[in-house]
Amino acid sequence: MDRACRTGNARDGDAPMIVAGVGLDPLAILMLLGGAVVVVATIATVLTLYLRNRRLSAIDETDSSAAGWYQDPLDANVQRYWDGAAWTEHEHSAIPSAPAGSS
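Residues numbered from 1 in each chain as written. Predicted model: local features only at pLDDT ≥ 70, side-chain atom pairs only at ≥ 80, totals over all residues. Heavy atoms only, no water.

### Concerning the sheet that holds strand E2 (residues 75-82)
Within the open sheet, the three strands sit side by side as E1-E2-E3. Their pairing is antiparallel. Edge positions in the open sheet fall to strand E1 (68-72) and strand E3 (87-93), since each of these has one partner strand only. Neighbour-to-neighbour, the strand axes of the sheet open up by a mean angle of 40°, direction not taken into account. Where E1 meets E2, five bridges bridge the pair, whose relative direction is antiparallel. Note that in E2 the partner of Tyr70 across the bridge is Arg80. (Pairing = 2+ DSSP bridges. Helix = DSSP H or I, 4+ residues; strand = E, 2+ residues; numbered from the N terminus. Axes fitted to C-alpha atoms, helices over the stretch in contact; angles between N-to-C directions.)

Take a look at the structure:
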């Protein structure tokens, strides 16, 4: 390898600059880091959804109330619908809106 590549003074058409002795150009490193960020974010999202569902499932097993709207066990500002056997995906704000015409 010639001196131009080792010092980062490569000309057009020359081999890419060596970064930290690995032989990758800076763009390749950025692409690898970006991919790693996407993988970590995906894992974090899946783990969060899994744990939330697991907590709701644990609550399901202890609650045998009649079907209806109840305070979401994970968020006091939300009401979630209990169908008598499991929590559904249906939810709405637990904070009542002001009646029309009041100020």
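Now, onward.
### Focus: the pattern of salt bridges
One pass over the full model with this rule turns up three salt bridges. Between Asp72 and Arg52 there is a salt bridge whose closest N-O contact spans 3.6 Å. A residue pair is termed long-range when its members are at least 10 positions apart, and Asp72 in strand E1 and Arg52 in helix H2 (residues 26-62) qualify at 20 residues. Residues Arg80 and Glu91 are paired through a salt bridge, measuring 2.6 Å at the closest nitrogen-oxygen approach. With Arg80 in strand E2 and Glu91 in strand E3, this pair connects stretches of sequence that are eleven residues apart. Each of Arg52, Asp72, Arg80 and Glu91 takes part in salt bridges that share partners, so that together they form one network. (Salt bridge = Lys/Arg side-chain N within 4 Å of Asp/Glu carboxyl O.)

### Side note on a nonpolar patch on the surface
A contiguous nonpolar patch, built from Leu47, Tyr50 and Leu51 and spanning about 300 Å² of accessible area, is present on the exposed surface. Note that Leu51 resides in helix H2. A relative accessible area of 38% means that Leu51 is categorised as partly exposed. (Patch = residues over 30% accessible without salt bridge, like charges linked within 9 Å, V, L, I, M, F, W, Y side chains within 5 Å. Areas by Shrake-Rupley, 256 points an atom, 1.4 Å probe, with all protein chains shown as cover. Buried < 20%, exposed > 50% of the residue type's maximum accessible area, 1.4 Å probe, protein only.)

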